[in-house]
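Next come the chains, spelled out residue by residue.
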Amino acid sequence: MARAINKGRLKAIILDWAGTTMDYGCYAPAVVFVEVFERKGVPITMAEAREPMGAHKRVHIAAISKIPAVAERWRKVHGRDCTEKDIDAMFADFIPLQLACLADYADLVPGCLEAVAAFRERGLKIGSTTGYLLDMMDLLQAEAKKRGYEPDSTVCAAQVPAGRPEPWMCLENAKNLRVFPLASIVKVGDTLPDIHEGLNAGMWSIGLAKTGNEMGLNLEQIEQLTPEDLERRLARAYERMRAAGAHYVVDSIADVPPVLDEIDARLARGEGP
Ligand SMILES: [Mg+2]
């Protein structure tokens, strides 16, 4: 069978939302996960709230409830395990709370617009994937547009059979953009499920170590770190993302354009992801 011919260049880039293009530190979902567990009398830490980040938000709540320390705290308070019904109730709480504060975290990551302009300049189509729900994305897309960012395609986890780490959101973007082969597409995101999503889709996968969930700090907090602390935390994020299989790891979306030159060179040599 003939192999799909790739003319040796990337044709599309798929970008995550929170922690990648906007919401430096990926705060909006994290603070709401803390709040919904608090409302059930079970306090969780920001680190626990962030652990499953990238997944569909109901899947994320279920994953937090299964963290051993959280499950133990839940049993102490409720005298039983956290059930599917509890998860449904927390997810029902989550939706309005998240909608109410999303716009507060909609500022673009520094360098985002310049990077997107560079992607367009290279002729790339721009897709996007997210663990947010449809009405959350309606709101966020309007906020992003006000700030000058408008991808060509956006796919939410609820629009496909399953969210990350499964590849369907990426594949749906490829279809929407009518871009193939999949090796001519690169996926960019700030969480380990983002990296797996790209790899599972047969695409190139780039991890962003500094601006998203792995650091879990906004710009102001990062500026307050000592150089040693910053370096230690960043090194850990790079290591985790590389171990997850990312083809490349960089600090932020602003650092992505030069990586695309490297990928183009590899494609031109006949390499694939
Ligand atoms: Mg993200």
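Please read these numbers as outputs of a predicted model, since none were measured by experiment.

**Q** Before we go on, may I ask you to explain the overall build of the protein in this structure?
**A** Scanning the protein from terminus to terminus reveals twelve helices and six strands. For the protein, the spread of C-alpha atoms along the principal axes amounts to about 60 × 45 × 35 Å. Sequence separation of at least 24 residues holds for 73% of the intrachain contacts in the protein that already meet a minimum separation of 6.

**Q** Please clarify how the pairing of strand 4 (residues 185-189) should be interpreted in this entry.
**A** Sheet faces and side chains relate simply in a regular strand, where the side chains alternate between the two faces. With five of its five residues buried, strand 4 lies for the most part within the structure. Burial of the side chains of strand 4 extends over both faces: Ile 185, Lys 187 and Gly 189 are buried on one face and Val 186 and Val 188 on the other. Inspection of the sheet shows strand 1 (residues 12-16) paired to strand 4 by four bridges, in the parallel sense. Each residue of the ladder has a partner; that of Ile 14, found in strand 4, is Lys 187. With helix 9 (residues 192-200) bridging strand 4 and the parallel strand 5 (residues 204-208), this β-α-β connection has right-handed handedness.

**Q** What's the story with the domain arrangement of the protein in this structure? I'm lost.
**A** A common measure of how large an interface is: the accessible area buried when the components associate. Domain parsing of the protein yields domain 1 (12-26 + 106-267) and domain 2 (28-104). Computed over C-alpha atoms only, the centres of domain 1 and domain 2 are separated by 24 Å. At the junction of the two partners, domain 1 supplies 22 residues and domain 2 supplies 17 residues. Among the secondary structure elements, those contributing two or more residues to the side of domain 1 that touches domain 2 are helix 7 (134-146) and helix 9. For the side of domain 1 that touches domain 2, the element with the highest residue contribution is helix 7, accounting for five residues. When the residues that make up the side of domain 1 that touches domain 2 are grouped by side-chain class, the tally is eleven nonpolar, six polar and five charged.

**Q** Whenever I open this one, the nonpolar core confuses me. Can you help?
**A** If you look at the biggest cluster of nonpolar residues, it comprises 80 residues, and the most contacted ones within it are Ile 13, Phe 33, Leu 140, Ile 185, Val 186, Val 188 and Ile 206. At seven residues, helix 1 (residues 27-39) tops the list of elements feeding residues into this core.

**Q** In this structure, what is going on with the pairing of strand 2 (residues 125-130)? I would like to understand it.
**A** Counting buried positions over the six residues of strand 2 gives six, a clear majority of the element. With burial as the criterion, each face of strand 2 is covered, one bearing Lys 125, Gly 127 and Thr 129 and the other bearing Ile 126, Ser 128 and Thr 130. In terms of strand pairing, strand 1 meets strand 2 through five bridges, oriented parallel. Across the sheet, residue Ala 12 finds its bridge partner in strand 2, namely Lys 125. Across four bridges, strand 2 lies against strand 3 (residues 153-156) in parallel orientation. Counterpart to Thr 129 in the pairing with strand 3 is Val 155. Taken together, strand 2, helix 7 and strand 3 constitute a β-α-β crossover, and its handedness is right-handed.

About the cut-offs
Residues numbered from 1 in each chain as written. Predicted model: local features only at pLDDT ≥ 70, side-chain atom pairs only at ≥ 80, totals over all residues. Helix = DSSP H or I, 4+ residues; strand = E, 2+ residues; numbered from the N terminus. Contact = placed C-beta atoms within 7 Å. Buried ≥ 20, exposed ≤ 12 C-beta atoms within 10 Å, placed from the backbone. Pairing = 2+ DSSP bridges. Right-handed = clockwise from strand over helix to strand, strands pointing away. Domains from an automatic or database assignment. Nonpolar A, V, L, I, M, F, W, Y, C, P; charged D, E, K, R; others polar. Core = buried A, V, L, I, M, F, W, Y, C linked by C-beta atoms within 7 Å.

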